Amino acid sequence: MSRVSRGFSLIEILVAMAVFAILSVVAWSALNNAFISSEIVGDRMDRLQSLQQTMRFLSSDILQSAPRPIRDELGDSYKPAIMSVAGNEFPLELTHGGWTNPAGLPRATLQRSAYRIEDDQLVRYHWRVLDRTYANEPITQVLLDGVESLAFRFYDANGETSDSWPALAAGGGANPRSRPRAVEIILTLTGEGEITRLVEVAP
């Protein structure tokens, strides 16, 4: 007696298709969430790297600050070695070392740099010469976006603090070559709050 082969019924096929569709939706949802999570992590890592780079620039420039004032653009007066005063175009402007010269170009190893916020971006300026004129255009680099404010707190040799530099001497004047003992960087980021770092100035 021969056995009659029997195929799948329509209901069985529909059930199998429904199960396959549900599993496909679940698998796609998990894969999509993984892609979204990976993108979020990648963006966060990029943000963290930009923040670390910003702090490296600021910390390095402050750490290696040099007691070298510069002549202003007209050449008739001097700007302090470190300058952070109300009304100045830059929240921080300073002379610092660490400008390597592997090619042996005819230039100094000291550099004049400055920082300010433009359209919620922190921008670093530096010049190829110390005693610049109006013809010397600065080189700019955008370090970080989403920046609300940048401020500094300066510590003198006695531990006294000031929100500006150079500090006034007892007679009312300011030494243009003076440097603080340490500088606190206060960086406020949109949606991320305040980040601070205390940098000791090399003697």
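It should be noted that the structure appears before, not after, this text.
First things first, this report covers the structure right here in the doc. Numbering of residues starts from 1 in each chain and follows the order in which that chain's sequence is written. Local features in this predicted model are restricted to residues of pLDDT 70 or higher, and side-chain atom pairs are both shown and tallied only at a pLDDT of 80 or more, whereas totals for entire chains, interfaces and linings draw on every residue. As a rule here, side-chain values come from all non-hydrogen atoms in the structure, and water together with hydrogens is ignored.

1. Here's the deal with a nonpolar patch on the surface
Stage number 1. Only residues whose relative accessible area exceeds 30% and that take part in no salt bridge are eligible for patches, with like-charged residues grouped when within 9 Å of each other and nonpolar side chains (Val, Leu, Ile, Met, Phe, Trp, Tyr) grouped when within 5 Å. Throughout, the Shrake-Rupley method with a 1.4 Å probe supplies accessible areas, and for residues the shown protein chains are the sole cover considered. Salt bridges, as used here, are contacts in which a Lys or Arg side-chain nitrogen is within 4 Å of a carboxyl oxygen on Asp or Glu. A cluster of nonpolar side chains, namely L10, I13, L14 and M17, defines an oily patch on the protein surface of about 420 Å² accessible area.
Stage number 2. Only DSSP runs of H or I reaching four residues or more are called helices, and only runs of E reaching two or more are called strands; each is numbered from the N terminus. Mapped onto the elements, M17 comes out in helix α1 (residues 10–63).

2. Observations concerning unusual backbone geometry
Stage number 1. The linkage connecting W165 with the following residue, P166, adopts the cis geometry, with an omega of 10 degrees.
Stage number 2. With respect to the helices and strands, the residue P166 is situated in the loop between β9 (161–162) and β10 (182–189).
Stage number 3. Of note in the backbone geometry, D119 takes a positive phi value of approximately 55 degrees without being a glycine.
Stage number 4. Counting through the fold element by element, D119 comes out in the loop between β5 (111–118) and β6 (121–127).
Stage number 5. One non-glycine residue, D120, adopts positive backbone phi at about 65 degrees.

3. Description of the nonpolar core
Stage number 1. Formed by 22 residues in total, the largest nonpolar core has its most connected members in I62, L92, L144, L150, F152, I185 and L187.
Stage number 2. Only buried Ala, Val, Leu, Ile, Met, Phe, Trp, Tyr and Cys residues count toward a nonpolar core, and they belong to the same one when joined by side-chain atoms within 4.5 Å. Exposure is judged per residue with a 1.4 Å probe applied to protein chains only, and the accessible area is read against the type maximum: over 50% gives exposed, under 20% gives buried, and values in between give partly exposed. A114, V123, Y125 and W127 belong to the second largest nonpolar core, which has five residues in total.

4. Digging into the sheet that holds strand β4 (residues 92–96)
Stage number 1. Only strands that DSSP links by at least two bridges are regarded as paired with each other. Across the sheet, which stays open at both edges, the five strands sit in the order β3-β4-β5-β6-β7 with antiparallel pairing between neighbours. Each having just a single partner strand, β3 (82–83) and β7 (139–145) make up the two edges of the open sheet.
Stage number 2. For β3 and β4, the ladder comprises two bridges, and the chain directions are antiparallel. Bridged to I82 within β4 is L94.

5. Quick word on the side chain of R124
Stage number 1. Mapping R124 onto the fold places it in strand β6.
Stage number 2. Since its relative accessible area comes to 6%, R124 is described here as buried.
Stage number 3. Whenever two N or O atoms come within 3.5 Å, that pair is a polar contact, provided that in protein one can donate a hydrogen and the other can accept it, and provided that, for residues adjacent in sequence, both atoms are side-chain atoms. In this structure the side chain of R124 is engaged in a polar contact, spanning 3.1 Å, whose partner is the side chain of D61.
Stage number 4. Within the structure, R124 has its side chain in polar contact with the side chain of Q111 (distance 3.1 Å).
Stage number 5. Throughout, a residue-residue contact means that at least one pair of heavy atoms, one from each residue, lies within 4.5 Å. Apart from residues lying up to four places away in sequence, R124 is in contact with F57, D61, H96, Q111, S113, A114, Y115, I139, T140, Q141 and L143.

6. Points about the environment of L143
Stage number 1. You can see L143 is positioned in strand β7.
Stage number 2. It is 5.7 Å that separates the C-alpha atoms of L143 and T54, two residues lying 89 residues apart in sequence.
Stage number 3. With sequence-adjacent residues up to four places away left out, L143 is seen in contact with S50, Q53, T54, F57, Y115, L122 and R124.

7. Quick word on the pairing of strand β11 (residues 193–200)
Stage number 1. Pairing of β10 with β11 involves eight bridges; the strand directions are antiparallel. For V183, the partnering residue across the bridge sits in β11 and is V199.

8. Structural notes on the pattern of salt bridges
Stage number 1. In this structure the tally under the stated criterion is 14 salt bridges.
Stage number 2. The residue R132 makes a salt bridge to E93 at a minimum N-O spacing of 2.9 Å. One end of the pair, R132, is in the loop between β6 and β7; the other, E93, is in strand β4, with 39 residues separating them in the sequence.
Stage number 3. For R132, a relative accessible area of 3% translates into the label buried.
Stage number 4. Judged by relative accessible area, E93 falls into the buried class, the value being 0%.

Geometry only, nothing functional implied.
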